[in-house]
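# Coordinate inspection notes
The chain contents come next:
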Amino acid sequence: VRKPDCGQGILRDTLARRLRALRPRPSRVLVVLDPGAAEVASPRIHRALADAGLEGTFLRAPRGEARKTLDEVGKLASRMVRAGADRRSFVLAVGGGVCSDMAGFAAASTLRGLRWGAVATTLLAMVDAAVGGKTAVNLPEGKNLFGAFHFPEFIVADTALLATLPAREWRAGRGELVKTAMLAGGVMWRGLAAAPKGSLGRRGKVLTGLARQAAIYKAGVVTRDPREGDERKLLNLGHTFGHALETAAGPRRLRHGEAVALGILCALRASAEHGMCAPDAEEEMRALYQRHDLPTAMPGPLPSAATLRRLMLRDKKADDGRLELVLPLAPGHAALVQGVDAAEAVAVIRHTLG
Ligand SMILES: NC(=O)c1ccc[n+]([C@@H]2O[C@H](COP(=O)([O-])OP(=O)(O)OC[C@H]3O[C@@H](n4cnc5c(N)ncnc54)[C@H](O)[C@@H]3O)[C@@H](O)[C@H]2O)c1
Ligand SMILES: [Zn+2]
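Residues numbered from 1 in each chain as written. Chains lettered and ligands numbered in written order. Predicted model: local features only at pLDDT ≥ 70, side-chain atom pairs only at ≥ 80, totals over all residues. Heavy atoms only, no water.

### Section: the pattern of salt bridges
Taken as a whole and judged by the stated rule, the model has 23 salt bridges. Here E55 and R28 are joined by a salt bridge, their closest N and O atoms 3.6 Å apart. Within this pair, whereas E55 is found in the loop between helix 2 (38-52) and strand 3 (56-60), its partner R28 is found in the loop between helix 1 (11-20) and strand 2 (29-33), the two being separated by 27 residues in sequence. Across the salt bridge formed by D293 and R174, the nearest N and O atoms sit 3.8 Å from each other. Of this pair, D293 sits in the loop between helix 12 (281-291) and helix 13 (305-313) while R174 sits in helix 6 (residues 167-184); the two residues are 119 residues apart in sequence, bridging distant segments of the chain. Through salt bridges with shared partners, one network takes in E65, K68, D101, K143 and E246. (Salt bridge = Lys/Arg side-chain N within 4 Å of Asp/Glu carboxyl O. Helix = DSSP H or I, 4+ residues; strand = E, 2+ residues; numbered from the N terminus.)

Following this line, the structure appears as structure tokens:
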């Protein structure tokens, strides 16, 4: 897995360089463009293509989680074929996680597999979604259940593109950033813990550095464990709790990364109850959330215990009323714990967020 290129204002030059380095040279570039990112990204993409001497065909990506479906990915594949795709075509996803998940999956299957690359345009895609080669669409039965591992040739993350990102999406991206910093520990954790109020937003120098560290950390984990054995599973810190909260509240009230932030608070409490982390770790995390405008409570009423139990057990890792949870130990250290009673996990959510 190639290290993501991350920086401020790097898109045109870096993308041109990455495209020029592709062997064999692409016959054409199928640009799958997120409509939300079009204004800020497309002039730079056009210039980079021209610099690399490549022809681009622009296709509009479906927008929004509700359209991350098999039907939409099929339509996208049809449009690629109608645009003249051949085995040497190169797919370039330009957008947030919905766009990279769909364009990557379309690339995995169209003509039995096309090479692809990603230009991440949301903070969440930069630190997480575009990195790691998991591509998928949702099924009516649940999120990300139909897809493929298909690794991009490169990932370009230019924080200058975040200038137009809505506040809500910033917050969601920060949720995953906190998760990665906890897992990475060391310099990244200390950088986050010391980041002053307001420094993790638009144009923040601190933000670009942390985003780069997060993207590189994830790429490292994925390189060592591409198909999700135990190490990659640790990246699910906060996610078993988070997915249940996200589904219960709906994407309008709780974005994925916001739900992960709440899930981390639950994981810290569960860990402390087992004597696995410092008892005041949750309080310290709440203070960090307050500095950086992350949620510390459910928006609206907490779902019932029965609903939470049902949603937690729907998790891909659940087995017979028992859950597999990632519990934080200390910055840089987390443990995969099997066989946690779902009732206990529900009680943790109610105590943490109730
Ligand atoms: N494959 C993976 O490993 C992985 C990991 C984490 C998340 N994901 C997936 O990623 C998705 C979430 O991604 P997301 O948070 O990026 O949401 P998203 O892709 O829905 O983007 C959020 C919104 O921001 C808009 N947008 C994108 N770039 C913009 C920009 N520069 N300026 C203004 N608006 C912009 C989009 O059009 C969209 O409306 C989920 O579907 C999730 O399942 C995948
Ligand atoms: Zn996530």
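### Section: the packing of aromatic side chains
As enumerated under the stated definition, the model contains three aromatic pairs in all. Plain terms: the ring middles of F90 and F154 are 5.5 Å apart, the flat faces sit at 25° to each other, and that makes the pair stacked. Within this pair, whereas F90 is found in strand 4 (residues 90-95), its partner F154 is found in the loop between strand 7 (142-149) and strand 8 (155-158), the two being separated by 64 residues in sequence. Residue classification places F154 among the buried residues on the basis of a relative accessible area of 1%. Both rings, one in F105 and one in F146, keep their centres 5.9 Å apart while their planes meet at 75°; by these two values the pair is edge-to-face. Here F146 lies in strand 7 and F105 lies in helix 4 (residues 97-109), a separation of 41 residues in the sequence. What makes F146 partly exposed here is its relative accessible area of 38%. (Phe/Tyr/Trp six-rings, centres within 6.5 Å; stacked < 30°, edge-to-face > 60°. Buried < 20%, exposed > 50% of the residue type's maximum accessible area, 1.4 Å probe, protein only.)

### Focus: the environment of V119
Here V119 lies in strand 5 (residues 115-120). Considering only alpha carbons, one finds V119 and L33, 86 residues apart in sequence, at a separation of 9.6 Å. With near-sequence residues (within four places) excluded, V119 lies in contact with L11, L15, I45, L92, A93, V94, G95, V156 and L161. (Contact = heavy atoms within 4.5 Å.)

### Remarks on the coordination of the zinc ion (ligand 2)
At 1.9 to 2.2 Å from the zinc ion (ligand 2) lie its protein donor atoms, namely E176 (OE), H239 (NE2) and H256 (NE2). All donors of the zinc ion (ligand 2) belong to a single chain; written as a sequence motif, their spacing is E-x62-H-x16-H. Of the two residues, H239 is situated in helix 10 (residues 239-249) and H256 in helix 11 (residues 256-273); the sequence distance between them amounts to 17 residues. With a relative accessible area of 6%, H239 lands in the buried category. Residue classification places H256 among the buried positions, given a relative accessible area of 18%. (Donors = N, O, S within 2.8 Å, 3.2 Å for Na, K, Ca; no water.)

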